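Chain by chain, the residues run as shown.
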Amino acid sequence: MDVFDELLRSVRGRGAVFGRSMLWPPWSLRFTDGAYLTFCVPMRGGGWIVPEGGEPRHVGLGEAAIVRGPAPFTFTDDITRGPGAGAREVRWSEGTGGGQDADHELSGPTVLLAAAYDVQAQVPQRLLRVLPPALVVPEGHDCTAMRDYLEVQIAGARPGRQIVLDRLLDWLLVCTLRDWFDRPEAEPPGWYQALGDEVAGPALQAIHEDPAHPWTTAGLAARSGVSRTTLAKRFTELVGEAPVAYLTEWRMTLAADLLNRPELTVAAIARRVGYADAFGFSAAFKRLRGESPSTYRQEAVSRTPARAAAPTA
């Protein structure tokens, strides 16, 4: 399995079309509902993304912006008014798009499409938490060709329209992230750089293909066709930790998400991530996460999931 695919597999938008997308100046929108990630695509015009704690970034036609939450941010036509000044509040709630623009036309001078992503799962957070507060991928990236098709879907009224729009925006999000990490100003995590390495790459791939396998440094080195010493040195240089340490941390990341599934016992989760018994798994989980699997599960039940749907103003 491709590591990038695996980390983003659970990232899904719902009701992703921004309901009140036609904007006439002066305008300012304040996104306040704490989405972990918001994907913004201007279909007409453009504006300024102003994240809390980050520098304003202009995003225009043909560009795409990703804002990392859960802090509020503003999308405005004029940054001199200051963040939130005179802004209309936007909240993500259950339902689908529509609102004032139920005819789905794109006739305003500025038209924004947006998708909110909950991303409470630990697996995709390994990728998304390394993002800056806001990023913009310029026009010319390889996702631009999808915009014409996206406009056709917005204007149409065929059955399943909303799910098609959601998946199109999901596709654009992944494409934008991939293009961002290839840009010189990006700071990709070590494992991302290791994916294409001829020594560390095969070992990293093996870990993600079968994390429950009883991997050793020697076994991973054999997959890469190098000695244990060579693999350990190169893997640590690129990823920032030794292969077996990375394997253990990845297993605990998978386990954290599995603990949100009440039908699975701790013993069953232990076996899924490569431990013969619950005791050894629990000891490893507590060492890395600072609490036992049972305590983590109890706290997870009390956490209210964030919504990921269409915004309403």
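Above this text is the structure in question.
Residues numbered from 1 in each chain as written. Predicted model: local features only at pLDDT ≥ 70, side-chain atom pairs only at ≥ 80, totals over all residues. Heavy atoms only, no water.

Novice: Would you explain the packing of aromatic side chains in this entry?
Specialist: The relation between two aromatic rings is expressed through the spacing of the ring centres and the mutual angle of the planes. For the coordinates displayed, the defined rule picks out eight aromatic pairs. With a centroid separation of 5.8 Å and an interplanar angle of 55 degrees, the aromatic rings of F281 and F285 are classed as tilted. Residue F281 and its partner F285 are both found in helix 11 (residues 278–289); the two are separated by four residues, about one turn of the helix. F285 carries the same exposure label as F281, and that label is buried. Members of the aromatic cluster, joined through ring pairs, are Y275, F281, F285 and Y296. (Phe/Tyr/Trp six-rings, centres within 6.5 Å; stacked < 30°, edge-to-face > 60°. Helix = DSSP H or I, 4+ residues; strand = E, 2+ residues; numbered from the N terminus. Buried < 20%, exposed > 50% of the residue type's maximum accessible area, 1.4 Å probe, protein only.)

Novice: What exactly am I supposed to notice about the packing of helix 6 (residues 200–209) against helix 9 (residues 243–258) here?
Specialist: When two helices pack together, their arrangement is given by the angle between their axes and by how far apart the axes lie. Packing of helix 6 against helix 9 leaves a shortest axis separation of 11 Å and a crossing angle of 30 degrees. As judged from the angle between their axes, helix 6 and helix 9 are roughly parallel. Considering only the axes of helix 6 and helix 9, their crossing is right-handed. On helix 9, the residues that touch L204, I207 and H208 of helix 6 are P243, Y246, L247 and W250. Taken together, the residues of the contact of helix 6 with helix 9 sort by class into six nonpolar, one polar and no charged. (Axes fitted to C-alpha atoms, helices over the stretch in contact; angles between N-to-C directions. Parallel < 35°, antiparallel > 145°, perpendicular 65-115°, else oblique. Left-handed = near helix turned anticlockwise from the far one by under 90°. Contact = heavy atoms within 4.5 Å. Nonpolar A, V, L, I, M, F, W, Y, C, P; charged D, E, K, R; others polar.)

Novice: I tried to follow the nonpolar core on my own but got confused; where do I start?
Specialist: Side chains that are nonpolar tend, in soluble globular proteins, to be buried together. Residues L37, F39, L131, F235 and F281 are the most contacted members of the largest nonpolar core, which totals 63 residues. W27, C40, V67 and V136 belong to the second largest nonpolar core, which has 15 residues in total. (Core = buried A, V, L, I, M, F, W, Y, C linked by side-chain atoms within 4.5 Å.)

Novice: Would you mind going over the side chain of R297 with me for this structure?
Specialist: Locating R297 in the fold gives a position in helix 12 (residues 293–302). There is no salt bridge for the buried R297, and the closest opposite charge comes from E263, which lies 6.9 Å off by N-O distance. The contact partners of R297, leaving out residues within four places of it in the chain, are L258, L259, R261, P262, L264, T265, V266 and I269. (Lys, Arg positive; Asp, Glu negative; His and termini not counted. Salt bridge = Lys/Arg side-chain N within 4 Å of Asp/Glu carboxyl O.)

Novice: Sorry, what's going on with the pairing of strand 6 (residues 64–68) here?
Specialist: On any regular strand, side chains alternate: one points to one face of the sheet, the next to the other face. The element strand 6 is extensively covered by neighbouring structure, given that four of its five residues are classed as buried. In this structure, strand 3 (residues 37–44) lies alongside strand 6, joined through four bridges in antiparallel fashion. Counted as the bridge partner of T38 is V67 from strand 6. In this structure, strand 6 lies alongside strand 10 (residues 134–137), joined through four bridges in antiparallel fashion. Pairing of A65 across the sheet is with V136, part of strand 10. (Pairing = 2+ DSSP bridges.)

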